[in-house]
Amino acid sequence: MVESSRRKFLGLAGAGAASAAAAVAIGTGALGRDDADESTDAIDDGTPTSFVVHVTDVRRGKMTVLAGTTEVAVEDRGMAANLARMRSA
Amino acid sequence: MSSHREAPEISKDPVADNTDVYAFVSPDRPDTVTLIANFIPLQKPDGGPNFYEFGDDVLYEIHVSNSGDARADISYQFRFRTVVRNQNTFLYNVGPIGSIDDPNWNRPQFYSVRRVERNGRTQTLGDNLPVPPVNIGPRSTANYARLARQAVQRIDRRHKVFCGQRAEGFFVDLGSIFDLATLRPFQNLHLIPSAAAVGVNGTQGLNVHSIVLQVPITQLTRNGKAPKDVMDPKSVIGVWATASRRRARIVDDDGGTQAYGPFRQVSRLGNPLFNEVLVPMVRKDEWNSQPPSDDKRFATYVRRPELATLLPILYPGVFPNLAGYKKPRADLSAILLTGIPDGVVPGFQNFTGPVLSDMLRLNVAVPPASDPNPLGLVAGDPAGFPNGRRVSDDVVTVELRAVAGLTIPLVDPSFTPDSAASAIKDGTTNTNSWYFDNFPYLGTPAGGYQTTPGVPAT
């Protein structure tokens, strides 16, 4: 499994991320205040202003990040679980 | 139909729906091959105010394999860009469109053409090339043929290209065939009989959007030469087309959409009717997403086609020999999956090797026919289907007869085809504007004002 902080996660997307049980479109407003600060840092680094995270398996933490024309696979059970909880937030 | 709405998912996405592919040695420029891929099926000519157009969010490709492994050695990629000139009108055009750059045309579309080779070499052949408007009517597009000619572009000095609306050139008795495989000329022999009748062209008066590219033969062959020996393996190319969409699509709050991620193939076509008639419904979407090089997984549907089983049931007593034939259909495998090897048809081959793959196979050493027979190779005309496909080839009749057993003796001389196998047809011809003898070969599209639904196009 890839250990990945949210900052690292956004960095992956900016570097050229890929793809469900749930698909989540993330813009800067979709995150909490602390997270929004992190995303602002990432945007300053050239990250696209929006991208899509496709959670393909919540239990195993399997996700793909779709940004621009790229796709990167990510495994992070904690983040997948957090995203799953956001469904009803 | 050929491949119009042939699979559940793509039937809901007409902009990406590849309906027909053609590949032939150009009759007026025999040192070139013309490649055509049609999209957006069954266009009613009066379909305004938002008339038909290519998708800005679709990657359209025509692929050529020349090395025998059914993988693309050359891909021609087409991307479109739409401009809205006047933000304050609902109209497609705010006056007569007298030329292709007329400002009265409110929604012009432009495109780029790229050639991508397997080794990664990429070349932009043209950019900002114009698509003509659709054929609206005598006030808006008065001289449509002239307008369309303005969109024929020479690019890179060696290629000629046209992207835009054309008259549907494919013809079939759609309403009849999908009514339990009725063929009107023979429906008196059907299990549920009615009086025999004349076939009805289901695409009458309808248009499509065509991508037409003319390429020097030397740009397509394995060794960069124009072969003259029909039996030379390097004289055969495989051709297919695809459409791809980005992996994710988000509908914005303002009604627009955003696409994310890499392109994924959603439509594919090589031989006409392959996915439509041979592949079972539950696997059609999967087939559309796959490359030809993986078609071994679908080979069983070619070797034992469902339609060959149905014909003797639906036409009792008409196909007794076909009903008794239990061997895998090696004839159909050769025609559709490998090409016809040397020794089957004297003086002809379009074999691409053992990789089972659905591609149109064109032997470019076969010169254009001076008097083309729409039944192509089975009628002794090796310049026609299934040696590539010309716009005028009657592929429905050819494939019906092949499935009915007419081509089995090519590989199994012990089999005698039923007499009906050489007579079976759907009884239709092209009732839209006729084909051109020169580029872009497909006829002028039916006009919106001029066309009464159900009446032949004018």
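What comes next concerns the included structure. Since this is a predicted model, take the numbers as computed values, not measurements.

**Concerning unusual backbone geometry**
Residue and element names in this part refer to chain B.
Alright, step 1. A cis geometry characterises the amide bond from Phe385 onward to Pro386, with omega recorded as 5°.
Alright, step 2. Omega for the bond connecting Phe439 with Pro440 falls within 30 degrees of zero, at 5°, which places this linkage in the cis form.
Alright, step 3. Note on placement: Pro440 falls in the segment after helix H9 (395–403).
Alright, step 4. If you check the backbone angles, Ala70 has positive phi at about 60° while not being a glycine.
Alright, step 5. With respect to the element layout, Ala70 can be found in the loop between strand E3 (58–65) and strand E4 (74–82).
Alright, step 6. The exposure class assigned to Ala70 is buried, which follows from its relative accessible area of 2%.
Alright, step 7. One non-glycine residue, Leu180, lies in the positive phi region at around 55°.
Alright, step 8. Mapped onto the secondary structure, Leu180 falls in the loop between helix H2 (174–177) and strand E9 (207–216).
Alright, step 9. A relative accessible area of 51% means that Leu180 is categorised as exposed.

**Examining the interface of chain A and chain B**
Alright, step 1. Between chain A and chain B, the contact holds 11 residues from the first and eight residues from the second.
Alright, step 2. Note on chain A versus chain B: buried area summed over both sides is about 720 Å², and carbon and sulfur give 62% of it.
Alright, step 3. The largest contributions to the chain A side of the interface with chain B come from Leu66, Thr69 and Glu71 of chain A, which together make up 49% of the buried area.
Alright, step 4. For Glu71 of chain A, the salt bridge identified is with Arg247 of chain B, shortest N-O distance 3.3 Å.
Alright, step 5. For the pair chain A and chain B, the interface holds five residue pairs in polar contact (both at pLDDT 80 or more).
Alright, step 6. Elements represented by at least two residues in the side of chain A that touches chain B include exactly strand E2 (51–57), strand E3 (62–67) and strand E4 (70–75) of chain A.
Alright, step 7. Tallied by class, residues from the side of chain A that touches chain B come to five nonpolar, five polar and one charged.

**Re a nonpolar patch on the surface**
Alright, step 1. On the surface, a cluster of nonpolar side chains totalling about 480 Å² of accessible area is made up of Leu180, Leu191, Ile192, Leu310 and Ile313 of chain B.
Alright, step 2. Note on placement: Leu191 of chain B falls in the loop between H2 and E9.

**Observations concerning the environment of Ser194 of chain B**
All names here are of chain B.
Alright, step 1. Counting through the fold element by element, Ser194 comes out in the loop between H2 and E9.
Alright, step 2. According to the relative accessible area criterion, Ser194 is partly exposed, its value standing at 38%.
Alright, step 3. Those residues in contact with Ser194 that lie beyond four places of it in its chain are Gln187 and Asn188.

**Some words on the pattern of salt bridges**
Alright, step 1. Per the counting criterion, the structure on display carries 23 salt bridges over all chains.
Alright, step 2. Arg60 of chain A is paired through a salt bridge with Asp57 of chain A; the nearest N and O atoms lie 3.9 Å apart.
Alright, step 3. Look at Arg60 of chain A and you get partly exposed, because its relative accessible area is 44%.
Alright, step 4. Note that Arg245 of chain B is salt-bridged to Asp57 of chain B, the shortest N-O span being 2.9 Å. One end of the pair, Arg245 of chain B, is in strand E10 (residues 236–251); the other, Asp57 of chain B, is in the loop between strand E2 (32–43) and E3, with 188 residues separating them in the sequence.

**Considerations on helix H8 (residues 330–338) of chain B**
For the α-helix, the turn length of 3.6 residues means that residues three or four positions removed from each other point alike.
Alright, step 1. Counting buried positions over the nine residues of H8 of chain B gives eight, a clear majority of the element.
Alright, step 2. Within the sequence span of H8 of chain B, burial applies to Asp331, Leu332, Ser333, Ala334, Ile335, Leu336, Leu337 and Thr338 of chain B.

**Observations regarding the packing of aromatic side chains**
All names here are of chain B.
Alright, step 1. All chains considered together, the criterion is met by 13 aromatic pairs over all chains.
Alright, step 2. On the basis of an interplanar angle of 65° and a centroid distance of 5.0 Å, the ring pair of Phe51 and Tyr92 is categorised as edge-to-face. Note that Phe51 is positioned in the loop between E2 and E3 and Tyr92 in the loop between E4 and strand E5 (109–117), a separation of 41 residues in sequence.
Alright, step 3. Exposure remark for Phe51: the relative accessible area of 13% places this residue in the buried category.
Alright, step 4. Here Tyr92 falls in the buried class, since its relative accessible area comes to 7%.
Alright, step 5. Linked through ring pairs, Phe39, Phe54, Tyr60, Phe80 and Tyr111 together constitute an aromatic cluster.
Alright, step 6. Stacked on the ring of Tyr449, the Lys or Arg Arg139 has its end atom at 4.8 Å from the ring centre.
Alright, step 7. Sitting above the plane of the Trp287 ring, Arg268 keeps its charged end 3.7 Å from the centroid.

About the cut-offs
Residues numbered from 1 in each chain as written. Chains lettered and ligands numbered in written order. Predicted model: local features only at pLDDT ≥ 70, side-chain atom pairs only at ≥ 80, totals over all residues. Heavy atoms only, no water. Helix = DSSP H or I, 4+ residues; strand = E, 2+ residues; numbered from the N terminus. Buried < 20%, exposed > 50% of the residue type's maximum accessible area, 1.4 Å probe, protein only. Contact = heavy atoms within 4.5 Å. Buried area = accessible area lost by both parts, 1.4 Å probe. Salt bridge = Lys/Arg side-chain N within 4 Å of Asp/Glu carboxyl O. Polar contact = N/O pair within 3.5 Å; in protein donor to acceptor, adjacent residues only side chain to side chain. Nonpolar A, V, L, I, M, F, W, Y, C, P; charged D, E, K, R; others polar. Patch = residues over 30% accessible without salt bridge, like charges linked within 9 Å, V, L, I, M, F, W, Y side chains within 5 Å. Areas by Shrake-Rupley, 256 points an atom, 1.4 Å probe, with all protein chains shown as cover. Phe/Tyr/Trp six-rings, centres within 6.5 Å; stacked < 30°, edge-to-face > 60°. Lys NZ or Arg CZ within 6 Å of the ring centre and 35° of its normal.

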